[in-house]
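# Examining the three-dimensional arrangement
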Amino acid sequence: MRLGVMFDRDLPPERLIPFARALDSKVDDLWVVEDLGWTGGLTSAATALAVTSRLRVGLGIAPAPLRNPMLLAMEFANLARLFPSRFVGGVGHGVQDWMRQVGAASPSPLTLLEETITSVRALLRGETVTDGRLDGVRLVHPPAVVPPVVAGVKGPRSLALSGRVAQGTILPEGFGPGSITPMLEQISPSGEHELIVFTHLCVGDTTDLEGQRTGAAEFLSVDPSEVFAAEGTSTQAAEAVKALWAAGADTVVLRPVGDDPLAHVEKVLSAL
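First, a word on scope: everything that follows refers to the structure included in this document. (Residues numbered from 1 in each chain as written. Predicted model: local features only at pLDDT ≥ 70, side-chain atom pairs only at ≥ 80, totals over all residues. Heavy atoms only, no water.)

### So, the nonpolar core
- Ranked by size, the top nonpolar core spans 70 residues in total, and within it Leu30 and Phe76 carry the most contacts.
- Excluding residues that lie within four positions of it along the chain, Leu30 makes contacts with Val5, Met6, Phe7, Leu16, Phe19, Ala20, Leu23, Ala48, Leu55, Arg56, Val57 and Gly58.
- Judged by nonpolar contacts, the second largest core, of ten residues, contains Trp31, Val33, Val88 and Phe198. (Core = buried A, V, L, I, M, F, W, Y, C linked by side-chain atoms within 4.5 Å. Buried < 20%, exposed > 50% of the residue type's maximum accessible area, 1.4 Å probe, protein only. Contact = heavy atoms within 4.5 Å.)

### Points about the pairing of strand E9 (residues 194-203)
- Taken across its ten residues, E9 has ten buried, putting it largely inside the fold.
- The alternating pattern of E9 places Glu194, Ile196, Phe198, His200 and Cys202 and Leu195, Val197, Thr199, Leu201 and Val203 on opposite faces, both of which are buried.
- Here four bridges tie strand E8 (residues 168-171) to E9, and the two strands are oriented parallel to one another. Bridge assignment links Leu171 to a residue of E9, and that residue is Val197.
- With six bridges connecting them, E9 and strand E11 (residues 251-256) associate as parallel partners. Considered in E11, the bridge of Val197 is made with Val252.
- Note: E9 against strand E10 (residues 230-232), three bridges, orientation parallel. Residue pairing for E10: Leu201 is matched across the bridge by Ala230. (Helix = DSSP H or I, 4+ residues; strand = E, 2+ residues; numbered from the N terminus. Pairing = 2+ DSSP bridges.)

### Quick look at the packing of aromatic side chains
- In total, this model carries four aromatic pairs according to the counting rule given.
- Both rings, one in Trp38 and one in Trp98, keep their centres 6.0 Å apart while their planes meet at 45°; by these two values the pair is tilted. Taken as a pair, Trp38 in the loop between strand E2 (29-32) and helix H2 (41-50) and Trp98 in helix H4 (residues 96-101) lie far apart in primary sequence, 60 residues in all.
- According to the relative accessible area criterion, Trp38 is partly exposed, its value standing at 35%. (Phe/Tyr/Trp six-rings, centres within 6.5 Å; stacked < 30°, edge-to-face > 60°.)

### Notes on the pattern of salt bridges
- Counted under the stated rule, the structure contains 14 salt bridges.
- Between Lys26 and Glu266 there is a salt bridge; the shortest N-O distance is 2.4 Å. You can see Lys26 sitting in the loop between helix H1 (16-23) and E2 and its partner Glu266 sitting in helix H10 (residues 261-271), a full 240 residues away along the chain.
- The class for Lys26 is partly exposed, based on a relative accessible area of 40%.
- One salt bridge in this structure joins Glu173 and Arg255, with 3.2 Å as the shortest N-O distance. Placement of the pair is Glu173 in the loop between E8 and helix H7 (177-187) and Arg255 in strand E11, with a sequence separation of 82 residues. Each of the two residues, Glu173 as well as Arg255, counts as buried.
- The network of salt bridges with shared partners includes Arg2, Asp29, Arg56 and Glu194. (Salt bridge = Lys/Arg side-chain N within 4 Å of Asp/Glu carboxyl O.)

### What about H2?
- Every buried residue of H2 is accounted for by Gly41, Leu42, Ser44, Ala45, Ala48 and Leu49. Down the axis of H2, the smallest arc covering the buried residues is 160°, so these residues share one side. Opposite the packed face of H2, turned more than 90 degrees from it, sit the exposed residues Thr43 and Ala50.
- Where H2 is buried, its residues touch H1, E2, strand E3 (56-63), helix H3 (69-82) and strand E4 (87-92). (Arc of directions from axis to C-beta.)

### So, the packing of H1 against H10
- As a packed pair, H1 and H10 sit with axes 11 Å apart at the nearest point and diverge in direction by 10°. Between H1 and H10, the angle falls in the class roughly parallel. Contact with H1, carried on its side by Phe19, Ala22 and Leu23, involves Pro261, Leu262 and Val265 of H10 and no other residues of that element.
- Class assignment of the residues belonging to the contact of H1 with H10 gives a composition of six nonpolar, no polar and no charged. (Axes fitted to C-alpha atoms, helices over the stretch in contact; angles between N-to-C directions. Parallel < 35°, antiparallel > 145°, perpendicular 65-115°, else oblique. Nonpolar A, V, L, I, M, F, W, Y, C, P; charged D, E, K, R; others polar.)

See the structure below:
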């Protein structure tokens, strides 16, 4: 069971370095975000890796329509060679409205995601790839320690795809313990597969959580009351994390809310 913390997309990028350093000896993972208009996920991951020595850093998530699989493989391989066993590459469909805004919408998001993950994994293994957008390409410097490539998805067909072609699945914020078992059944992985669950963290006053809850509800198409979060007292938030682990999450990634996110993290760590 792993515990991670997300560097929220709304935090100023210059806070990433002290944020990562503060967590280096306290949790297992740091996850960075790549959402349209915010910051670049790969530059954030590289920065976090460079200023820490122990954290595993995850990219959550690169949009397949916007990122050519050869370029993704080049970047993933570079990070994997520089920081062996410390990087996880997340790939997803991308928010379709955002993809249309930048002229990158795909007529078949499922096919594109499968081709992207399959190609990136093959390239990282040192293979020559001809598939989808690629024609006979290979990496000159494939990594000796191949980083895991995981899929950030939520729908039934996408979950099944993740189980077929990815080494792990990222579930977005809002899913609770009761959702994990049926989603694992939909993923139905054929081998070792890491389930990574993102969840909002708010210890104490939940004012900062309400906007995040509304956004998660819209993204998941559920009522805000159905959105799960690690919230309440330190003990209650810790019990929520433990419940996700008990339900089958291999890694729980906390997304602390507000302008002082590390305060929430410190409180839940004291209870854990």
